[in-house]
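Listed below are the residues making up each chain.
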Amino acid sequence: MSERSDAGRKESGEGRMRADAQRNRQLIIEAARDIFIESGADAPLDEIARRAGVGIATLYRRFPDRDDLIRAVVLNTFSAMVDAAQDAEANGTDAYHALRLFMHRALDAKIGATMPALAGRVVFDDEVDGARLAAGTVVQRILDTAQEQGLVRKDIAFGDITFMVIRLTRPLPAIAKLLVDGDLAHRHLDIYLDGLRAEGDGERAELPAPVVTLADFDKVRKRLASGRADDL
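Just so it is clear, the structure is predicted and the values come from calculations on it, not from any experiment.

Sorry, what's going on with the pattern of salt bridges here?
Should their charged atoms come close, side chains of opposite charge can pair. Applying the stated rule across the entire model yields 15 salt bridges. We note a salt bridge from R51 to E47, for which the minimum N-O separation is 4.0 Å. Taken together, the residues R51 and E47, both in helix α2 (residues 45–52) and four residues apart, mark about one turn of the helix. A residue is classified by how much of its surface remains accessible, and R51, at 36% relative accessible area, is partly exposed. Its salt-bridge partner being R105, residue D87 comes within 3.1 Å of it at the nearest N-O pair. With D87 in helix α4 (residues 66–91) and R105 in helix α5 (residues 95–109), the pair connects residues that are 18 residues apart, well separated along the chain. Here D87 falls in the partly exposed class, since its relative accessible area comes to 35%. Linked by salt bridges that have partners in common, E38, E47, R50 and R51 make up one network.

Here it is, written out as structure tokens:
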């Protein structure tokens, strides 16, 4: 076997190792985000490793202490916002559609639940603050374009976009057991997005499931009143 073949095989093996390490890192970050949302920033690290499907030693190799992991979760969340905004701007059929794409992607990134759970536990240095501001710049540009094109009301401001995403990302404690809370948030976002449209612009979106009827809501209320929320 030639030296070139040996080198190629070694490089291929190292490439797979790097890909596996990157995949494990991302799995840990995503598991940590979800568990921090559920249990707070002091949640057990071994539970995060278990949910990520890795050993605790692997977690510590990637993130030597809890602060490193928290920082990675925050950076990953802001990075997801940047990717969502840039992808929406590039692929939206118009600026209003781009705004819709971004807001639905932002819901899935769970920023409104992640950041409150980690409040006070991450330093907003240049890297973290830069990641936060990067998404905002693109979203503001999309909003400006949508307003210039007459697709979105002129009185809508940046905070009307970001704070609605934050509100809708916050989990509903009891109803989430009855319905898929994320799906319900996307339905409510579609209602809100229709309200952003400029008067007379376009048709209203068909609302996705779930539909929470009065009977559904009353079921949740009765379960909570009886102290049987776990049965929902």
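Before we go on, may I ask you to explain the environment of F63 in this structure?
Relative to the elements of secondary structure, F63 occurs in the loop between α3 (56–62) and α4. Taking the C-alpha atoms as reference points, F63 and I29, separated by 34 residues in sequence, lie 9.8 Å from one another.

Calculation rules
Per chain, residues are indexed from 1 in the order of the written sequence. A pLDDT threshold of at least 70 governs which residues receive local features in this predicted model, and a stricter bar of 80 or more applies before side-chain atom pairs are shown or counted, although totals over entire chains, interfaces and linings include all residues. Side-chain numbers here rest on the full set of heavy atoms in the structure, without hydrogens or water. By convention in these notes, a salt bridge is any Lys or Arg side-chain nitrogen within 4 Å of a carboxyl oxygen on Asp or Glu. Segments assigned H or I by DSSP are reported as helices when at least four residues long, segments assigned E as strands when at least two residues long, and all are numbered from the N terminus. Burial classification: accessible surface area is computed with a 1.4 Å probe over protein chains only, and a residue below 20% of its type maximum counts as buried, one above 50% as exposed, and the rest as partly exposed.

Any link to function would need more than the numbers given here.
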